[in-house]
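An overview of the molecular structure
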Amino acid sequence: MALPELVCPAGSLPSLRAAVDNGADCVYFGLKNETNARNFAGLNFDARSAADGIRYARERKVKTLLAINTFAQGRQMARWQRAVDEAADLGVDAVILADFGLLDYASRRHPSLRLHLSVQGSASNHEAVNLARELFGVQRAVLPRVLTLAQVEQVIAHTDVEIEVFGFGSLCVMVEGRCHLSSYATGESPNTHGVCSPARFVRWEETAQGMDARLNGILIDRFAPGQPSGYPTLCKGRFDVAGSTGYALEEPSSLNVLALLPELLRIGVAAVKVEGRQRSPAYVAQVTRVLRQALDAAARPGYRPDGGSLAALGKLSEGQQVTLGAYNRPWK
């Protein structure tokens, strides 16, 4: 069985170096604008830091992938096209795209540039993956985190396109690329502006009941004094539904596929991806190191995730809890 590539996040140059130094096969990063889906202040790369990061990775035989994975806006199409041109000029190993118009532009303007279909492209079946290959020559597709393991296996069995899946990090209960929650609340969609909860709409307010987290004035969570609080997003907010207050859509938790690695190898997954370009270099280093060791061990008979690895990832998990997500649906 071929060992999948370990694809790790780089929200900054220190994070990129942390991923490379701890065993990543590929690092993915974005530019400092809304062309990437992690458009947070203080994150991402300008031309100089991108060139430095690519050089650092290449010297250590690690591939670089540039994420241009939001959807271009008609009047600003040139901005997204310039990002594709910059990716080609930088010499990245592949560009990660979701927008079919950009895929068409990249395939025509830069025919030698390797194209990956982003998870934001919402390719949840082999027909969609194969269409992207036939139209644009896409060589890899990242699947949404809503498919069961059996469904992933079916996709792989019916396409020649390499398939990449998420292995660790925050979950998304939506089919990526199709979420309208933030757009409904703020008028700005993560598919166009690159952030689920744009910072300018986020407000924290001390009240007699605790710390209120609001998005564009909408109360989406309240934390008691001393209670840990995460960055507020609508999908992971707590709401009063039929007289009961709780997580209406999704509890904060992280996907962790350590236990499923032999199955992912068996069905022929080409790459395992770590979510977390918004996380710290220390997070990137720890997760990369644990998954590198686990992937290497999973290729040998008798593999089982060890307690130390599970504990290490558990401490880095959102809400301090992990799940197999949609990979394991016992009710089906």
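Up top is the structure.
Let us look at the structure shown here. Just so we're clear, the structure is a prediction, and the values are computed from it rather than from any experiment.

Helix and strand counts for the chain come out as 11 helices and 15 strands. For 332 residues, the compact-globule formula gives about 20 Å, and the C-alpha radius of gyration of the chain, at 20 Å, lands near that figure. Based on the C-alpha atoms only, the size of the chain along its principal axes is roughly 60 × 55 × 40 Å. Every one of the 332 residues in the chain was classed for burial, and the buried ones make up 53%. Here the analysis covers contacts within the chain between residues at least 6 apart in sequence; of these, 65% occur between residues at least 24 apart. Total accessible area on the chain is roughly 15000 Å²; 51% of this is exposed by carbon and sulfur atoms. Placing the 36 positive and 33 negative side-chain charges of the chain at their respective mean positions leaves the two points 2 Å apart.

Further remarks concern unusual backbone geometry. Peptide bonds are mostly trans, and most non-glycine residues show a negative phi. Positive phi outside glycine occurs at K61, with the angle close to 60 degrees. Structurally, the position occupied by K61 is in the loop between α2 (47–59) and β3 (63–68). Judged by relative accessible area, which is 77%, K61 ranks as exposed. One non-glycine residue, N216, lies in positive phi territory at about 55 degrees. By the secondary structure assignment, N216 is in the loop between β9 (210–215) and β10 (218–223).

A large share of β3 lies buried, amounting to five of its six residues. Pairing analysis gives four bridges linking strand β2 (residues 26–29) to β3, with the strands arranged parallel. Within β3, the residue paired with Y28 across the bridge is L65. Crossover connection from β2 via α2 to parallel β3: handedness right-handed. The pairing of β3 with strand β4 (residues 94–97) spans four bridges and is parallel. Its bridge partner being in β4, A67 is matched across the sheet by I96. Following the chain from β3 across helix α3 (residues 77–90) to the adjacent parallel β4, one finds a crossover that is right-handed.

Each value, and the rule that gives it
- Residues numbered from 1 in each chain as written.
- Predicted model: local features only at pLDDT ≥ 70, side-chain atom pairs only at ≥ 80, totals over all residues.
- Heavy atoms only, no water.
- Helix = DSSP H or I, 4+ residues; strand = E, 2+ residues; numbered from the N terminus.
- Rg over C-alpha atoms; globule rule 2.2 N^0.38 Å.
- Buried < 20%, exposed > 50% of the residue type's maximum accessible area, 1.4 Å probe, protein only.
- Contact = heavy atoms within 4.5 Å.
- Areas by Shrake-Rupley, 256 points an atom, 1.4 Å probe, with all protein chains shown as cover.
- Lys, Arg positive; Asp, Glu negative; His and termini not counted.
- Charge placed at Lys NZ, Arg CZ, Asp CG, Glu CD.
- Pairing = 2+ DSSP bridges.
- Right-handed = clockwise from strand over helix to strand, strands pointing away.

Treat this as a map of the structure, not an account of what it does.
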